[in-house]
Amino acid sequence: MTPVLQPQLEKVTLEQYEMLPEEKRFEVFDGVIYDMASPSQVHQALSMQLSTLINTYILRKNHIFSNAARNSS
């Protein structure tokens, strides 16, 4: 990533950051503004699959813990 504003002598302030256009994605590291690319379709698909796997795992574990708690009562 390269800084959007080069050369940037001063660190960006919160007020300057808030004035950036909302339709673009930016992030700030150590006061330097960086342009963020949108995630690719592959990235989004992998994120959704990973989220589904994690959610399924948690729901299964929660079900096991819930049954164990009911049985011990």
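Remember, it's a predicted structure, so these values are computed and weren't measured experimentally.

Quick notes on the rules
- The residue numbering used here restarts from 1 in each chain and proceeds along that chain's sequence as written.
- Under the rules for a predicted model, residues below a pLDDT of 70 receive no local features and side-chain atom pairs below 80 are neither given nor counted, while totals for whole chains, interfaces and linings still include all residues.
- Excluded from the side-chain calculation are hydrogens and water; included are all heavy atoms of the structure.
- In DSSP terms, a helix is any run of H or I states spanning at least four residues, a strand is any run of E spanning at least two, and both are numbered starting from the N terminus.
- Buried residues are those whose accessible area, probed at 1.4 Å on protein chains only, stays under 20% of the maximum for their type, while exposed residues exceed 50% and partly exposed ones sit between those limits.
- Note on pairing: DSSP must find at least two bridges between two strands before they are called paired.
- To count toward a patch, a residue needs a relative accessible area over 30% and no salt bridge; like charges are then connected within 9 Å, while nonpolar side chains (Val, Leu, Ile, Met, Phe, Trp, Tyr) are connected within 5 Å.
- Where accessible areas are quoted, they stem from the Shrake-Rupley method and a 1.4 Å probe; at the residue level, only the protein chains shown are allowed to cover.
- For salt bridges, the criterion is a side-chain nitrogen of Lys or Arg within 4 Å of an Asp or Glu carboxyl oxygen.
- One confidence number per residue, pLDDT, is output by the predictor and ranges from 0 to 100.

Caption draft 1: The overall build of the protein, seen in detail. The secondary structure content of the protein amounts to 2 helices and 2 strands. Walking the protein from its N terminus toward its C terminus, one meets helices and strands in the order α-β-β-α. Within the protein, buried positions represent 7% of all 73 residues.

Caption draft 2: Just unusual backbone geometry, in detail. With phi around 50 degrees, Asp 30 is a residue other than glycine that occupies positive phi space. Tracing the backbone shows Asp 30 in the loop between strand S1 (26-29) and strand S2 (32-35). On the basis of relative accessible area, Asp 30 is assigned to the exposed category, the value being 66%.

Caption draft 3: Quick look at the pairing of S2. Across 4 bridges, the pairing between S1 and S2 is antiparallel. Bridging from a neighbouring strand, Phe 26 pairs with Asp 35 of S2.

Caption draft 4: Seen up close, the environment of Gly 31. You can see Gly 31 is positioned in the loop between S1 and S2. Once the C-alpha coordinates of Gly 31 and Leu 14 are considered, the two residues, 17 residues apart in sequence, prove to be 9.3 Å apart.

Caption draft 5: Region of the structure containing a nonpolar patch on the surface. A surface patch of nonpolar side chains, amounting to about 420 Å² of accessible area, comprises Leu 50, Ile 54, Tyr 57 and Ile 58. Checked against the element boundaries, Tyr 57 lands in helix H2 (residues 41-72).

Caption draft 6: Up close: the confidence of the model for the protein. The predicted model of the protein averages 81 in pLDDT, with 74% of residues at 70 or higher. Looking at the elements of the protein, mean pLDDT is at its lowest for H2, recorded as 84, and at its highest for helix H1 (residues 14-18), recorded as 88.

Caption draft 7: Spatial organisation of the pattern of salt bridges. Within this structure, the stated rule accounts for 1 salt bridge. For Lys 24, the salt bridge is made with Asp 35, and the minimal N-O distance between the two is 3.6 Å. Of this pair, Lys 24 sits in the loop between H1 and S1 while Asp 35 sits in strand S2, and the two are 11 residues apart along the sequence. Classification of Lys 24 as partly exposed rests on a relative accessible area of 42%. Judged by relative accessible area, Asp 35 falls into the partly exposed class, the value being 33%.

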